[in-house]
Amino acid sequence: MAITDKIYVKNHRQLASQLETSFPKSAFAGATLDLLFTGDSLANLDSTTQDRVLDFAEDFLDCDCESHPYCGCAERKFIQYLLELRAQGFGPDAIVDVMGDDYMLYAYSGDILSFLDQSVRTLEAAEALAEIEASRDRRDELHDAKRELTNG
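Read on for a plain summary of the structure.

What counts and how
Residues numbered from 1 in each chain as written. Predicted model: local features only at pLDDT ≥ 70, side-chain atom pairs only at ≥ 80, totals over all residues. Heavy atoms only, no water. Phe/Tyr/Trp six-rings, centres within 6.5 Å; stacked < 30°, edge-to-face > 60°. 1 Å grid on protein atoms, 1.4 Å probe; cavity = no way out; pocket = protein on both sides within 12 Å on 5 of 7 lines; lining within 4 Å. Points joined across faces, edges and corners; volume = space filled by probe spheres on them. Helix = DSSP H or I, 4+ residues; strand = E, 2+ residues; numbered from the N terminus. Nonpolar A, V, L, I, M, F, W, Y, C, P; charged D, E, K, R; others polar. Axes fitted to C-alpha atoms, helices over the stretch in contact; angles between N-to-C directions. Parallel < 35°, antiparallel > 145°, perpendicular 65-115°, else oblique. Contact = heavy atoms within 4.5 Å. Buried < 20%, exposed > 50% of the residue type's maximum accessible area, 1.4 Å probe, protein only.

1. A look at the packing of aromatic side chains
- A complete count under the given rule lists twelve aromatic pairs for this structure.
- What links up through ring pairs into an aromatic cluster is the set Phe28, Phe56, Phe60, Phe78, Tyr81 and Tyr103.

This is the structure:
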C-alpha cells in the first residue's frame, strides 16, 4: 500500500458538514479529489480551509496530463514533499505536524516512519545495483540521497 493511501483529510467530519455531503477520508481518493476541487464545493468551505485546499491543489494537482488528477502526478509530488521534509531534518511526528499545518492533512507517525524506512531500503538496493553496474556517479548520487534521509 502506498503512503498516499494513508494520508487523510484533517477535520473530515467538519468538512463533510460544511459541504453537506460525505466523502472518503483519504486525501488522494478519487471521490475526495473530485469533491474538494470543484468550484461549487470550494465555495462552501470557510476561508482558512479554502486556502489550504487551494495550496494543496496548486502544489500537487498542477500537471498537464490527460488523465489529471488520476495520472499519479499528485501522489509522486506528495511523496517528494515528504522526502524533502525528511531531508530538512523533520522526523515522522514533525512531518505529520507540518503537513497538517500546510494542507490540513494527517497521517499516523508510524506510517510515515515505515515509508521513510522503506525509502532508505529502496535507495540501498538501487545503490547496490549501481555498484554492480559500475555506475560510480549514480551510486554516489544514491548514497547522498540515502544519507539525507537517514541523517535528516
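2. Regarding the layout of surface pockets
- Taken as a whole, the largest pocket holds about 210 Å³ of empty space.
- Forming the boundary of the largest pocket are Ile79, Gln80, Leu83, Glu84, Ala87, Phe115, Ser119, Thr122, Leu123, Ala145, Glu148 and Leu149.
- Mapped onto the lining of the largest pocket, the elements with two or more residues apiece are helix H5 (73–87), helix H7 (109–132) and helix H8 (136–151).
- Broken down by element, the residue count for the lining of the largest pocket peaks at five residues, all from H5.
- Here the lining of the largest pocket is built from residues that sort into seven nonpolar, three polar and two charged.

3. A short note on the packing of H5 against H8
- Remark: H5 packs on H8, axes separated minimally by 7 Å, with the N-to-C direction vectors making an angle of 70 degrees. In terms of orientation, H5 lies roughly perpendicular with respect to H8. On H8, the residues that touch Leu83, Arg86 and Ala87 of H5 are Glu148, Leu149, Thr150 and Asn151.
- Class assignment for the residues of the contact of H5 with H8 results in three nonpolar, two polar and two charged.

4. Some thoughts on unusual backbone geometry
- If you check the backbone angles, asparagine 11 has positive phi at about 55 degrees while not being a glycine.
- Along the polypeptide, asparagine 11 turns up in the loop between strand E1 (8–9) and helix H1 (12–19).
- Using a relative accessible area of 38% as the deciding quantity, one classes asparagine 11 as partly exposed.
- Phi is positive for methionine 104, close to 55 degrees, though the residue is something other than glycine.
- One can find methionine 104 in the loop between helix H6 (92–103) and strand E2 (105–106).
- For methionine 104, a relative accessible area of 11% puts it in the buried group.

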